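Structural description and commentary
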Amino acid sequence: MIERTLFSPEHEAFRDSFRRFCDKEIAPFHADWEEQGYVDREVWRKAGANGFLCMTMPEQYGGAGADRLYSVVQMEELARGGYSGIGYGLHNEIVAPYIEHYGTEAQKQKYLPAMARGDMIGAIAMSEPAAGSDLQGVKSTALLKHDETGDHYLLNGSKTFITNGWHADLVIVVAKTDPAAGAKGTSLLLVERGMPGFETGKRLKKVGLKAQDTAELFFNDVKVPAANLLGPLNRGFVSLMEQLPWERMQIAIGAAAKSQAAIDWTMAYVKDRKVFGQAVAQYQNTRFKLAELQTQVQIAQVFVDKCIALLLEDKLDTATASMAKYWVSDLENKVIDECVQLFGGYGYMWEYPIARAFVDARVQRIYGGTNEIMKEVIARAMGLPGR
């Protein structure tokens, strides 16, 4: 196996610490959370108390000023444990960075420390019933108005498939502030729980990721203060595009870690399980199949690590991140499917982590932009003409 060189001893010490946190505060409860359809809010506060939220944020905003490799470690540990209900990654490495990069000082002071404590849970609302991977198709509107209460945006629309949506105290909403301008009229708004007209819909029942609260959000004449505009007016689409490489890399990082976890679970199982008087691991088909899968996952991990290194140097382009997202998530699905086969009937039983990983993996090829969209991005970067 090729030695990974990304991580320092400090990163590995953090890995040990976070793994102990997972063993104590997540592992014993995750099955119950899958039954209820969401994690207990207390696991957010405990993570905040232990310094596991918004780690990359500057210290003046409640973070630790840590580099992104600490977030990579956290993502890998959650993936390898099969803790798919925990929405720390979206909160830490999508919502908080948007506020850090595009927010005013007042917005940073108001929201980031509360997010770092786990007192405020963040979500981002992009997808709509008729606009998924194509963010230019967003129909939600936020029109600037003025009345006796001051300047505000009147927000109307709905969002769906929103991770952390049911728990969310703060939502970054993508809306059209100039509907006639298309993508160039898109802005980002900070919408808080409790604003009149903002309602959280039902938790959506998904095929997998059953402990992850995913919800519909509805906005009916929500008065959002003008001060809650995040970033420049009508520049929301540009902001979204700027953050996409890191967001897509997070999917690739998790996919590589989950693929390796699947192999590790399967290795342990086939060594113990006997068929016709000998361990399943002794059959050539098993050994060759696992050898093939491990080779492919090793290739994926090297590619992902190189992309992470480029990201840390601000050299990772959107096309390469799209390659990582599509290829590694495709591989994850292939690896887990093959591992389920080696488990036999037990691989289809919910009590086994490989079964839960099987259904959790499928959405990786859909969210963050479908893998078909990733190929379109790559093709355009290659200079191939489209329609």
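These remarks concern the structure in this document. Source: prediction; values computed, not measured.

The next point concerns the pairing of strand 4 (residues 170-176). Most of strand 4 is tucked away, with seven of its seven residues classed as buried. Burial of strand 4 is two-sided: the residues Leu 170, Ile 172, Val 174 and Lys 176 facing one way and the residues Val 171, Val 173 and Ala 175 facing the other way are all buried. Direction of pairing for strand 1 (residues 122-125) relative to strand 4: parallel, over a ladder of four bridges. Across the sheet, the residue bridging to Gly 122 is Leu 170, located in strand 4. When strand 4 meets strand 5 (residues 186-192), the two strands line up antiparallel, connected through seven bridges. In the strand pairing of strand 5, Val 173 is matched with Leu 189.

What follows concerns the pattern of salt bridges. Tallying each qualifying case throughout the model produces 22 salt bridges. A salt bridge links Lys 110 to Glu 192; the nearest nitrogen and oxygen atoms lie 2.8 Å apart. Of this pair, Lys 110 sits in helix 6 (residues 105-117) while Glu 192 sits in strand 5, and the two are 82 residues apart along the sequence. Between Glu 338 and Lys 289 there is a salt bridge whose closest N-O contact spans 3.4 Å. In this pair, Glu 338 is assigned in helix 9 (residues 318-343) and Lys 289 in helix 8 (residues 284-312), connecting sequence segments 49 residues apart. Each of Arg 4, Glu 12, Arg 15, Arg 19, Glu 76, Glu 77, Arg 80 and Asp 305 takes part in salt bridges that share partners, so that together they form one network.

All of the buried residues along helix 11 (residues 371-381) are Asn 371, Met 374, Ile 378 and Ala 379. One face of helix 11 carries all of its buried residues, which in axial projection span an arc of 135°. Across helix 11 from its buried face, at more than 90 degrees, point the exposed residues Glu 372 and Arg 380. Those residues of helix 11 hidden inside the fold are in contact with helix 7 (236-272) and helix 9. One or two steps after helix 11, the chain reaches Gly 383, where phi turns positive at roughly 85°.

Within this structure, the stated rule accounts for 15 aromatic pairs. Relative to Tyr 88, the ring of Trp 44 lies with its centre 5.1 Å away and its plane at 75°, an arrangement referred to as edge-to-face. Remark: Tyr 88 occurs in helix 5 (residues 88-102) and Trp 44 occurs in helix 3 (residues 42-49); sequence separation between them is 44 residues. The exposure classification of Trp 44 matches that of Tyr 88, with both residues buried. Among the aromatic residues, those joined into a ring-pair cluster are Phe 14, Phe 18, Phe 21, Phe 52 and Tyr 70. The ring of Trp 166 is capped by Arg 203, whose NZ or CZ atom sits 4.5 Å from the centre of that ring.

What counts, and where the lines are drawn
- Along each chain, residue indices are assigned from 1 in the same order as the chain's sequence is written.
- Only residues with pLDDT of 70 or above have their local features reported here, since the model is predicted, and side-chain atom pairs are shown and tallied only from 80 upward, although totals for entire chains, interfaces and linings are computed over all residues.
- Side-chain numbers here rest on the full set of heavy atoms in the structure, without hydrogens or water.
- Under the scheme applied here, a residue whose accessible area is under 20% of the maximum for its type counts as buried, over 50% as exposed, and between as partly exposed, the area being computed with a 1.4 Å probe on protein chains only.
- Only DSSP runs of H or I reaching four residues or more are called helices, and only runs of E reaching two or more are called strands; each is numbered from the N terminus.
- In this scheme, strands are said to pair when DSSP sees at least two bridges between them.
- The rule for a salt bridge is simple: a side-chain nitrogen of Lys or Arg has to be within 4 Å of a carboxyl oxygen of Asp or Glu.
- Comment: arc refers to directions from the helix axis out to C-beta atoms.
- Contacts were defined at the residue level, with two residues in contact if any of their heavy atoms lie within 4.5 Å.
- The rule is short: rings of Phe, Tyr and Trp, with Trp giving its six-membered ring, pair when the centres are within 6.5 Å, and they are stacked under 30 degrees, edge-to-face over 60, tilted in between.
- Only Lys NZ and Arg CZ are tested; either one counts as a charge over a ring when it is within 6 Å of the ring centre and within 35 degrees of the ring normal.

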